[in-house]
Amino acid sequence: MVRRSLLYTPGDDREMLEKAVRTDADAVIFDLEDAVAPDEKGAARRTVLETLDALDDPTPAVSVRVNPYERSGRDDVAAVVGEASSPPEFVVLPKAEGADDVATLRDHLADLGAEGVGIVPLIETAAGVQAADEIAAAAGVTAIAYGDQDFTADIGATVTAEKTESLYARQRVVVAAGAAGVDAVDTVYTDIADAEGLREQVETVVEFGFDGKLAIHPDQVPVINEAFTPDSDEIEWAERVIDGERAADEAGDGVFTVGGQMIDPPLVERARTILGRARAAGKR
């Protein structure tokens, strides 16, 4: 699946959950962790379960962010996966700090007969960043996501407008995801009213190599989708590259040129990524 935009929605608000699945987000995340007060966790779990079972073939992929397993994460999964007639497509696991955290969730899903439910660990601590490679490569993981607010708090960083304090962590997440062959998803942008600031940040993380970005409000979804959607010039270039590769294969040539540019396998892979994003956006 394509994950340009992943929209968080509070798990204790049925109306907001139902509105979220009618947005253009590629995925929605019913949130049982940070968006829900401690005393409301049980009620939110029931609300998410009821909403999941009432959904009628939603367009976005539907997922649930559970609480850490040392808190109420096991109960969350038992309810929203084990008791659901329509379980989520994937589970977002907060504060993952090693492959063992992923294995705990994976084993629980297997016990519930839900091996097909994917796992998206959130890397949002110093230990998580250090273990990004093993987390991304763990069985069952389909993407990894970076959580900036918890990470910068964990290391005591001074948060800047330029986000230089997050550069290393973001690059570690992208590299780990690339090595494991899974998607990399960037952190939320917390200023909902600042669409231009969001646009600038998304354009930056696209350049880094991220595949998508977390959102906290429906108004952020179009900005994120647009930034991760190739424009017509990029699509035209990618189509020429794929056509050139086909012709080169037929001629037995290893490399070829497009518009005077030598094309090798990494650029062919880049072209495929562009066309995949274009298809997801309905532009091809």
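Parameters and conventions
- Every chain's residues receive numbers from 1 upward, in the order its sequence appears when written.
- Local features are withheld for residues below a pLDDT of 70 in this predicted model, meaning they are given only at 70 or higher, and side-chain atom pairs are given and counted only at 80 or more; totals for whole chains, interfaces and linings count all residues.
- Side-chain metrics rest on all non-hydrogen atoms present in the structure, leaving aside hydrogens and water.
- Each axis is a line fitted through C-alpha atoms, taken for helices only over the stretch in contact, and angles between the N-to-C directions span 0 to 180 degrees.
- Strands here mean DSSP runs of E at least two residues long; helices mean DSSP runs of H or I at least four residues long; both are numbered from the N terminus.
- For any pair of crossing helices, the crossing counts as left-handed if the nearer helix is rotated counterclockwise from the farther one by less than a right angle, and right-handed if it is rotated clockwise.
- Only heavy atoms matter for contacts: two residues are in contact if any of them lie within 4.5 Å across the pair.
- Three classes are used: nonpolar for Ala, Val, Leu, Ile, Met, Phe, Trp, Tyr, Cys and Pro, charged for Asp, Glu, Lys and Arg, and polar for all others, with Gly counted as polar.
- Patch membership requires over 30% relative accessible area and the absence of a salt bridge. Like charges are linked within 9 Å, and nonpolar side chains (Val, Leu, Ile, Met, Phe, Trp, Tyr) within 5 Å.
- For every accessible area listed, the method is Shrake-Rupley and the probe measures 1.4 Å; residues are considered covered only by the protein chains on display.
- Put simply, a salt bridge is a Lys or Arg side-chain nitrogen that is within 4 Å of an Asp or Glu carboxyl oxygen.
- Counting rule for charge: Lys and Arg are taken as positive, Asp and Glu as negative, and neither His nor the chain ends is counted.
- A single reference atom marks each charge: NZ on Lys, CZ on Arg, CG on Asp, CD on Glu.
- Each residue is placed in one exposure class: buried if its accessible area under a 1.4 Å probe, protein chains only, is under 20% of its type's maximum, exposed if it is over 50%, and partly exposed if it falls in between.
- Two strands pair if DSSP finds at least two bridges between them.
- For this analysis, a polar contact is any N or O atom pair within 3.5 Å, provided that within protein one partner can donate a hydrogen and the other can accept it, and provided that sequence-adjacent residues contribute only side-chain to side-chain pairs.
- UniProt positions are given in the numbering used here, feature names are shortened, and annotations may be inferred rather than shown by experiment.

## What about the packing of helix H3 (residues 73-82) against helix H4 (residues 99-111)?
When two helices pack together, their arrangement is captured by the angle between the axes and the distance separating the axes.
Turning to step 1, where the next piece is worked out: Where H3 meets H4, the axes come as close as 11 Å, and the angle between the chain directions of the two elements is 35°. Crossing of H3 over H4 shows right-handed handedness. Only Thr104, Leu105, His108 and Leu109 of H4 make contact with H3, whose side of the interface consists of Arg74, Val77, Ala78 and Val81.
Turning to step 2, where the next piece is worked out: Of the residues in the contact of H3 with H4, the class split is five nonpolar, two polar and one charged.

## A short note on a negative patch on the surface
Turning to step 1, where the next piece is worked out: A surface patch of negative charge is lined by Glu70, Glu97, Asp100, Asp101, Asp133, Glu134 and Asp154.
Turning to step 2, where the next piece is worked out: Of all the secondary structure elements, the ones that give two or more residues to the negative patch are H4 and helix H6 (132-137).
Turning to step 3, where the next piece is worked out: Inspection of the secondary structure assignment puts aspartate 101 in helix H4.

## Focus: the pairing of strand E8 (residues 212-215)
Turning to step 1, where the next piece is worked out: Going residue by residue along E8, you find Gly212 and Leu214 tucked away on one face and Lys213 and Ala215 tucked away on the opposite face as well.
Turning to step 2, where the next piece is worked out: Pairing of strand E1 (residues 5-10) with E8, which is carried by three bridges, proceeds in the parallel orientation. Counted as the bridge partner of leucine 6 is leucine 214 from E8.
Turning to step 3, where the next piece is worked out: With two bridges connecting them, strand E7 (residues 183-186) and E8 associate as parallel partners. Counterpart to aspartate 186 in the pairing with E8 is lysine 213.

## Digging into the side chain of lysine 41
Turning to step 1, where the next piece is worked out: Along the chain, lysine 41 falls in helix H2 (residues 41-54).
Turning to step 2, where the next piece is worked out: It is aspartate 34 that comes nearest to the buried, bridge-free lysine 41 among opposite-charge side chains, at 6.2 Å.
Turning to step 3, where the next piece is worked out: A polar contact of 2.9 Å, which involves the side chain of lysine 41, links it to the backbone oxygen of leucine 32.
Turning to step 4, where the next piece is worked out: Excluding residues within four positions of it along the chain, lysine 41 makes contact with Leu32, Glu33, Val36, Asn67 and Arg71.

## Considering the pattern of salt bridges
Turning to step 1, where the next piece is worked out: The final tally for this structure, using the stated rule, is 20 salt bridges.
Turning to step 2, where the next piece is worked out: Two residues, aspartate 76 and arginine 45, come together in a salt bridge whose shortest N-O distance is 2.8 Å. You can see aspartate 76 sitting in helix H3 and its partner arginine 45 sitting in helix H2, a full 31 residues away along the chain.
Turning to step 3, where the next piece is worked out: The partner of arginine 246 in a salt bridge is aspartate 243, with the nearest N and O atoms 3.0 Å apart. Of the two residues, arginine 246 and aspartate 243 are both situated in helix H11 (residues 232-251); the distance of three residues between them amounts to about one turn of the helix.
Turning to step 4, where the next piece is worked out: Residue classification places arginine 246 among the partly exposed positions, given a relative accessible area of 46%.
Turning to step 5, where the next piece is worked out: Classification of aspartate 243 by relative accessible area gives partly exposed; the value is 44%.
Turning to step 6, where the next piece is worked out: Salt bridges linked by common partners bring Asp31, Glu33, Asp34, Arg65, Lys95 and Asp150 together as one network.

## A few points about the UniProt feature "domain: HpcH/HpaI aldolase/citrate lyase" (unreviewed entry) in the protein
Turning to step 1, where the next piece is worked out: The feature "domain: HpcH/HpaI aldolase/citrate lyase" (unreviewed entry), as annotated in UniProt, sits at residues 4-218 in this numbering.
Turning to step 2, where the next piece is worked out: Annotated as 42% helix and 18% strand, the span residues 4-218 places its first and last C-alpha atoms 13 Å apart.

## Overview of unusual backbone geometry
Turning to step 1, where the next piece is worked out: A positive phi angle, close to 50°, is found at lysine 95, a residue other than glycine.
Turning to step 2, where the next piece is worked out: In this fold, lysine 95 is placed in the loop between strand E4 (90-93) and H4.
Turning to step 3, where the next piece is worked out: Its relative accessible area of 25% is what places lysine 95 among the partly exposed residues.

## A short note on H3
Turning to step 1, where the next piece is worked out: Among the residues making up H3, those that are buried are Gly73, Asp76, Val77, Ala79, Val80 and Val81.
Turning to step 2, where the next piece is worked out: The secondary structure elements touched by the buried residues of H3 are H2, strand E3 (61-65), E4 and H4.

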